[in-house]
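The lines below spell out each chain.
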Amino acid sequence: MNSEPVVIHLDLDDRIVFVNEAFDRFARANGAPELAGGAVLDRPLWEFVTGDEVRQLTRVLLARARSGHPIERVPYRCDSPTLRRYMQMTFEPLPRDRLAITSFERHIEPRPANPLLRQEPATEGTPLRMCSWCRRVDLGGDYWVEAEEAILILKLFEADHPPPIAHTICPDDMERLGLSDKE
């Protein structure tokens, strides 16, 4: 387990103004060396957040933290094709209208290679909705399952190419994060 936190700082316009060395190491170790070495500095966070619902949730969390209330322990998943990474994120206001976002691994689990989590995005076919927080896949009717189960149920290995992924937030995670309209 990597106990070294990954830290980024944002300015008031949500531009990345700082990343720590752990960010660079994480980027290189996970197939994104082009993001290391300061390449993300002075770029909007929104270049790296996919899915309208995920962007909206992130905006809400940033606004809450900027209102002077640090947000601790936001769980999420950051999987690779061969690992389940259970992560945690915090949001903390800083001087000069900056905001720190810190992520660290709670634990990791190895798993068989998962083609749904490959690096190159698919562009053809009907998108599968995948929760960006817990990494489960929507099979319809509020039925969300782990990616491996979705592969079996939908027989994705029988397809010529895996489908594209549409990133979203599942109802369970919306409720867990206090953003659900369920009462």
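Just above sits the structure.
Rules used throughout
- Residues numbered from 1 in each chain as written.
- Predicted model: local features only at pLDDT ≥ 70, side-chain atom pairs only at ≥ 80, totals over all residues.
- Heavy atoms only, no water.
- Disulfide = S-S within 2.5 Å.
- Buried < 20%, exposed > 50% of the residue type's maximum accessible area, 1.4 Å probe, protein only.
- Helix = DSSP H or I, 4+ residues; strand = E, 2+ residues; numbered from the N terminus.
- Expected span 1.5 Å × (residues − 1).
- Arc of directions from axis to C-beta.
- Contact = heavy atoms within 4.5 Å.
- Patch = residues over 30% accessible without salt bridge, like charges linked within 9 Å, V, L, I, M, F, W, Y side chains within 5 Å.
- Areas by Shrake-Rupley, 256 points an atom, 1.4 Å probe, with all protein chains shown as cover.
- Salt bridge = Lys/Arg side-chain N within 4 Å of Asp/Glu carboxyl O.
- Phe/Tyr/Trp six-rings, centres within 6.5 Å; stacked < 30°, edge-to-face > 60°.
- Core = buried A, V, L, I, M, F, W, Y, C linked by side-chain atoms within 4.5 Å.

Colleague: Could you give me a rundown of the state of the cysteines, with the residues and numbers involved?
Modeller: By the definition in use, this model includes zero disulfides. Of all cysteine sulfurs in the structure, the one in C134 sits closest to C131, which takes part in no disulfide; the separation is 3.7 Å. Note on C131: relative accessible area 0%, which makes it buried. Exposure remark for C134: the relative accessible area of 12% places this residue in the buried category.

Colleague: Tell me what's going on with helix α2 (residues 52-66), and back it up with residues and numbers.
Modeller: Here α2 spans 21 Å end to end across 15 residues, near enough to the 21 Å set by a 1.5 Å rise per residue. Listed as buried for α2 are V54, L57, T58, L61, L62 and A65. Buried residues of α2 fall within an arc of 135 degrees about the axis and therefore sit on the same side. Structurally, α2 contributes buried residues whose contacts are with β1 (6-10), β3 (71-77), β4 (83-94), β5 (98-110) and β9 (165-168).

Colleague: Which residues make up a nonpolar patch on the surface, and what are the values?
Modeller: Among the surface-exposed residues, Y143, I153 and L154 lie close enough to one another that they form a single nonpolar patch of about 270 Å² accessible area. One can find I153 in helix α3 (residues 147-154). Residue classification places I153 among the partly exposed positions, given a relative accessible area of 43%.

Colleague: Break down the packing of aromatic side chains for me, with residues and values.
Modeller: Going through the model one piece at a time under the given rule, you end up with one aromatic pair. Seen from their ring centres, Y76 and W133 are 6.2 Å apart, and the 55 degrees between their planes marks the pair as tilted. Taken together, the residues Y76 in strand β3 and W133 in the loop between β6 (128-131) and β7 (137-138) connect sequence positions 57 residues apart. Pair check on accessibility: Y76 and W133 agree, each one buried.

Colleague: Can you lay out the nonpolar core for me, pointing to particular residues and giving the numbers?
Modeller: Of all hydrophobic cores here, the largest spans 31 residues; its most connected members are L62, V74, F91 and W133. Listing elements by their share of this core, those giving two or more residues are β1, β2 (16-19), α1 (21-29), α2, β3, β4 and β5. Examining the composition of this core, we find that five residues originate from one element, α2, more than from any other. Setting aside chain neighbours within four positions, we find F91 in contact with L61, L62, A65, P70, I71, V74, L99, A100 and I101. By size, the runner-up hydrophobic cluster in this structure holds eight residues, among which are V137, A150, I151 and L156.

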